[in-house]
Amino acid sequence: MSHISTIHRGLGALLLLGSLVGCADEIPTATGGDLFPEGTLPVTIELIVPASAFLTEDTVYTGYTSRRDADFLLVADHFDGVLSAHALVRFTDFPDTVSVTVDGTTHKDTVFTYGAGQVTAVVDSIASTEGPVLLRLWALTQEWDEEFVTWELAEEGVAWEEPGGTRGTLLSETIWVPSDTVSGDSLTWEVDSLDVARLSRESPGLLVTSATPGSRVQISDLELSVPVHPVSKDTALVQEISAGPQTFIVTPQPPERGVAWEVGGLASSRTVFTLDPEQEVPTCSPDSGAVCPTIPLSEVTLNAASLILEGVPVPNGYRPIHALVLTLRRVFEPEIGARAPLGSVVSVDSAAASLFISGSEGLVELPVTQPLRAILASDSAATMALLAEPEGSTFGIGWFKPAPRLRLIYTLPLEPRLP
Amino acid sequence: MMRFMNSRCLLLVLVFLGISAGPQVLSAQSLLANGGLGLPVEPIDARGAALGGVGLALPNNYLSWANPAESGGVPAPGLLATFQFDQFSAQFRGREDDGSTARFPLLIGAFPLGSNWSLTFGYGGILDQNWSIERTDTLLLGSDSVPITDRISSTGGVAAWRLGGAYTLGSNLSVGAGLNAYTGSVERITGRRFGINFTPAESSTSSSYSGLGFIGGIRWTPSEALTLSAAASAGGTLTSETDDSLSIATEYDLPLRLDVGASGRVGSNTLVALGASFAGWSTANDALAAMGGARDSWSFKGGIEWDAIQLGSRPIPVRIGGRIGALPFRWATGGEQGDWVDESAFTGGLGLILAEGAARADFSVERGTRGGDAAGITEDYWRYMLSVSVLGR
């Protein structure tokens, strides 16, 4: 019996030993480049491929969105010496009656007066030129149709008496001081009570202009709040007046891009191009000057790949003020053309606004390692779309030279040796 | 019935340990594992290791890998497992690297079959092929300085399953024979990693080992004070076949291996053990020429066991020993090829005998050196081993 318990103890010890095996285990590693047998060190090569070698087709599509889809208003005064923009707004639904609750009893009053009101908005400081900027609020004197209004036309076939909106009285003005400690980026125009009363009757609306030359300011929709005084009660109520149509008009029109690749803008331009994966790459560095055999790109390890885009100045004040978020998406059924469905984002990077300023030069490298690996794996040409996202949210347009380059970093095939 | 149950239980445990420990049997122990077919592994228990590596001709040494005849006369089903922990520090070309590993070098069991026959089975490490070399550098790609790490690694090795038997002729002579089924695999990976978010380059290839070998031995105890033992293993080829669609096979001649040993009592509590080994690896010299070739390896070993100390009624044998030997493969690296590698070690250890010898635990420690200036590498190591064996009598 004692022997049996001895066996059990021994078995327990063996099981304990089994559990100890995993305590420490590492591969002995000798360090030093001189220890590698000849020919076993990996070779990594950088290659810049011109567009002519990998690009088979490129097209710019535009018109996916319009000014009416923008969630901002634009105000500018000769930005880049050229671009001017005015914001237009019409307030509707001024109240016919006012309800007042006193001691739990609600009274409706149809006779009331307006006090001095406030028109407010918020500046998108990232998407605006540096301040301070003097912004003026005008009364419009001519009706306009938000569907057809432009810098020259107030309605379809009806020109503004004054291009850029026929102005009446200057109602108010305010100065936007970026990062002002009191107002932040909020704008407030004080509006006289008589002007408010005038607005409440039949009025074509308001116009916002910039009186600071060289400015371009992106603001939110305007809001109007006014105090209302019922005649029968000694009290005042603040009413938020619903805004009707809000839009902006711009001059001049967007510039012609010529052959440049284009992304972004109010029309959400995108550039669609096709990559040819059938590439032969050299087995030695092009910098070495040596002549060496080539190998299919599909047979090397693609360590990194990027699309090098060179910015082109965008004229007429349509250049972006802040960095554009560039995205790359796969295009399915490219034969459909502009309405071809897009895949998910396969690459994203930002293009600095400075790339598009006249007189400056700059590149943006859009990483395409994973999409290119997928293309190589599928062994067929792939169509990609370059966009600025979110679409319709930027006024600025990005232009690139139509001859991007492909930067490849690859490692030649490795051949482990067996004993 | 109880005897049958115990045996079956032991077998289950062996299977469990074999499955769970199998992958670790050949864990790495030396930078020298990158030479030739790897670093030869001695499947030995802690008692033999403490006696300088004498794994045969020892009294009550039924569970021996070196000689299947040692199991002759095993009184009951037995099982032995050995756990080994290594720490090494290597100096080469003005640099130093170190590491540590743990593994099972030996699992072996034996059953008596009738009064004269016995059966042995086990699993032992033969060649260790775990190693890697690495370098860090910086690549200039365009205007970018990109840190890189290059690495070649090898994981795996060769092990063997053993099925053997022994027959006792009288009370002092036994003969044994066995079959070694070689198994194992190796995976080589070459790669480059980048210090930035570049996709790493990596390529791997692997192969599996197979082959059969034979071993035979004899153990003779002419007197209670003297035991002699000898074994020879040989036969066949070790085949390495790549695990891909091409299935390229490479064959290596398995070496003739000779092991001899003797132990004698020179006092009432003192045992002296001596042994020698030889393996004719030079037959693989041509096949391994690209990896530095191969030469015959040998070793001489010896030790003393003193068992005068007791803990209660339990003997605590104390052992010391040493060995010298020649390894069959060079240290394989780029550049100039070094000389052959020799190895020497001092050993020591303790034992604990329980239940009148039905169970025992042995511990050994070994301080050794491999290589030297001519070999291009000097590697010092500490090795600790713990063996537990049970006999179900």
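Just above sits the structure.
For clarity, every value in this text was computed on a predicted model and none was experimentally measured. (Residues numbered from 1 in each chain as written. Chains lettered and ligands numbered in written order. Predicted model: local features only at pLDDT ≥ 70, side-chain atom pairs only at ≥ 80, totals over all residues. Heavy atoms only, no water.)

Chemist: Pulling in residues and values, what's your account of the overall build of chain A?
Modeler: Scanning chain A from terminus to terminus reveals four helices and 30 strands. Over its C-alpha atoms, taken along the principal directions, chain A stretches across nearly 105 × 80 × 40 Å. Looking at chain A as a whole, 49% of its 419 residues are labelled buried. Counting only contacts in chain A whose residues sit at least 6 apart along the sequence, the fraction spanning at least 24 positions is 80%. (Helix = DSSP H or I, 4+ residues; strand = E, 2+ residues; numbered from the N terminus. Buried < 20%, exposed > 50% of the residue type's maximum accessible area, 1.4 Å probe, protein only. Contact = heavy atoms within 4.5 Å.)

Chemist: Describe the sheet that holds strand E3 (residues 55-61) of chain A, with residues and values.
Modeler: Residue and element names in this part refer to chain A. Read across the sheet, five strands follow the order E3-E21-E28-E25-E26 without closing on themselves; strand pairing throughout is antiparallel. Either end of the sheet is taken by a strand with one partner, and the two such strands are E3 and strand E26 (342-351). Averaged over all pairs of adjacent strands, the angle between strand axes in this sheet comes to 20°, irrespective of strand direction. Against the sheet, helix H4 (residues 369-378) engages strand E21 (270-275), strand E25 (324-331), E26 and strand E28 (382-388), with an angle of about 160° to E28. (Pairing = 2+ DSSP bridges. Axes fitted to C-alpha atoms, helices over the stretch in contact; angles between N-to-C directions.)

Chemist: Kindly report on the pattern of salt bridges, identifying the contributing residues and their values.
Modeler: All names here are of chain A. Inspection of every chain in the model, using the stated rule, returns 35 salt bridges over all chains. With its nearest N and O atoms 3.4 Å apart, the salt bridge here joins arginine 270 to glutamate 391. Linking arginine 270 in strand E21 with glutamate 391 in the loop between E28 and strand E29 (397-400), this pair joins segments that are 121 residues apart in sequence. In this structure arginine 270 comes out as buried when scored by relative accessible area, which is 8%. (Salt bridge = Lys/Arg side-chain N within 4 Å of Asp/Glu carboxyl O.)

Chemist: Let's hear about the pairing of strand E15 (residues 206-210) of chain A: which residues, and what values?
Modeler: A regular strand carries its side chains on alternate faces of the sheet. Residue and element names in this part refer to chain A. Counting buried positions over the five residues of E15 gives five, a clear majority of the element. A two-sided burial pattern is seen for E15, the buried positions comprising Leu206, Val208 and Ser210 on one face and Leu207 and Thr209 on the other. Relative to E15, strand E5 (residues 83-91) runs antiparallel, the two being bridged by three bridges. Among the inter-strand pairings, valine 89 is bridged to a residue of E15, identified as leucine 206. Where strand E10 (residues 133-140) and E15 come together, five bridges link them in antiparallel fashion. When the sheet's bridge partners are listed, alanine 139 is paired in E15 with leucine 206.

Chemist: Now, about the packing of aromatic side chains: what can you tell me, with residues and values included?
Modeler: Per the stated rule, a full pass over the model turns up 15 aromatic pairs over all chains. Taken together, a centroid distance of 4.9 Å and an interplanar angle of 25° make the contact between Tyr318(A) and Phe395(A) stacked. With a gap of 77 residues between them, Tyr318(A) in the loop between strand E24 (301-312) and E25 and Phe395(A) in the loop between E28 and E29 connect regions that are remote in the sequence. With respect to class, Tyr318(A) is no different from Phe395(A); both count as buried. We note Arg90(A) situated over the ring of Trp144(A); from NZ or CZ to the ring centre the distance is 4.4 Å. The aromatic ring of Trp65(B) is capped on one face by Arg162(B), whose charged end is 4.2 Å from the ring centroid. (Phe/Tyr/Trp six-rings, centres within 6.5 Å; stacked < 30°, edge-to-face > 60°. Lys NZ or Arg CZ within 6 Å of the ring centre and 35° of its normal.)

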